[in-house]
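# Report on the structure
The chain contents come next:
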Amino acid sequence: MTEYARKYISSGFAGALVLAAMQLAAATASAGDYDVGSIHITQPWARATPKGASSGAGYLTVTNNGTAADRLNCAGSDAAAQCQIHTMTMDNGVMKMRPVEGGLEIKPGETLTLRPGSDHMMFVNLKHPFEAGATVEATLQFEKAGTVKVELPVVAIGAAAPGVTTGGGTMGGAMMQGGNMMQGGGMMSTKH
Ligand SMILES: [Cu+2]
């Protein structure tokens, strides 16, 4: 350490700066972060489900810090019979969701945000409704990085989702409640 640096750090001002930086770092590594292999997961959340809904949706942001592509699947959940990763595609001008075959690819260095109206986790055949304030557990399975259990805090229907600026997307609400969705090549109807 140089004489200059030693003097600088010994001053009260620098000490306060260092403390502030440490607090900032602690705040950034929030409870909703997960790491498995080269995969980093932030801000998992699920949307509350209306009464009688048989399916629910979950979201998160996933970053691949590795040098090879990986694939995200959902292995299971404590809240549903099945957990899948869905993607949205246009079919004759209509947005439809379908399970991603073989998992959602995350290229090296890429960050994907699963969010309403886009890729999402789909909880099929719910064991109970998702209630705001509760937490849903899911086991994510990465082809290369392995499995990691994540907790998704449930956010109220219509509430601004954490980190999502487009509050209007209601993939987990209106669209699914509207009727049927394509699933594995066949139609699956959602109960009302
Ligand atoms: Cu879906």
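A quick note: this is a predicted structure, and the numbers were derived from the prediction, not measured.

### Brief notes about the overall build of the chain
Across its full length, the chain carries 3 helices and 13 strands. Every one of the 192 residues in the chain was classed for burial, and the buried ones make up 27%. Contacts in the chain between residues far apart in sequence, at least 24 positions, make up 67% of those at least 6 positions apart.

### A word on the environment of Glu143
Along the chain, Glu143 turns up in the loop between strand 10 (135-142) and strand 11 (146-155). Given 15 C-beta atoms within a 10 Å radius, Glu143 is considered partly exposed. Separated by 38 residues in sequence, Glu143 and Glu105 have C-alpha atoms that sit 9.5 Å apart.

### What to know about the confidence of the model for the chain
Summarising the model, the chain shows a mean pLDDT of 79, and 66% of its residues fall at 70 or more. This model gives residues 25-29 a pLDDT under 50, and the stretch forms 0 contacts once residues within four places in sequence are excluded. Contacts for the low-pLDDT stretch residues 165-192, under 50 throughout, to residues beyond four places or in other chains number 47 contacts.

### Digging into the pairing of strand 10
Burial along strand 10 is one-sided: Val136, Ala138, Leu140 and Phe142 are buried, and none of Thr135, Glu137, Thr139 and Gln141, which face the opposite way, are. Pairing of strand 10 with strand 11, which is carried by 8 bridges, proceeds in the antiparallel orientation. Along strand 11, the bridge assignment pairs Phe142 with Gly146. Linking strand 10 to strand 11, which pair antiparallel, is a turn of 3 residues.

### Points about the environment of Lys144
Its location among the elements puts Lys144 in the loop between strand 10 and strand 11. Lys144 sits 108 residues away from Val36 along the chain, and the two C-alpha atoms are 9.7 Å apart. In this structure Lys144 touches Gly37, Ala68 and Asp70, once residues within four positions along its chain are discounted.

### Considerations on unusual backbone geometry
In this structure, Gln43 takes a positive phi of about 50 degrees despite not being glycine. Relative to the helices and strands, Gln43 is located in strand 2 (residues 39-47). We classify Gln43 as buried; it has 20 C-beta atoms within 10 Å. Here the phi dihedral of Asn92 falls at roughly 55 degrees; this positive angle occurs in a residue that is not glycine. Relative to the elements of secondary structure, Asn92 occurs in the loop between strand 5 (80-91) and strand 6 (94-99).

### Thoughts on the nonpolar core
In a soluble, globular protein the nonpolar side chains are often hidden away together inside. Met121 and Ala138 are the most contacted members of the largest nonpolar core, which has 32 residues in total. Put simply, the parts of the chain that give this core at least two residues each are strand 2, strand 3 (55-64), strand 4 (70-77), strand 5, strand 7 (104-106), strand 9 (120-126), strand 10 and strand 11. With sequence-adjacent residues up to four places away left out, Met121 is seen in contact with Ala57, Gly58, Tyr59, Cys74, Cys83, Ile85, Leu114 and Ala138.

The rules behind these values
Residues numbered from 1 in each chain as written. Predicted model: local features only at pLDDT ≥ 70, side-chain atom pairs only at ≥ 80, totals over all residues. Helix = DSSP H or I, 4+ residues; strand = E, 2+ residues; numbered from the N terminus. Buried ≥ 20, exposed ≤ 12 C-beta atoms within 10 Å, placed from the backbone. Contact = placed C-beta atoms within 7 Å. pLDDT = per-residue confidence, 0-100. Pairing = 2+ DSSP bridges. Core = buried A, V, L, I, M, F, W, Y, C linked by C-beta atoms within 7 Å.

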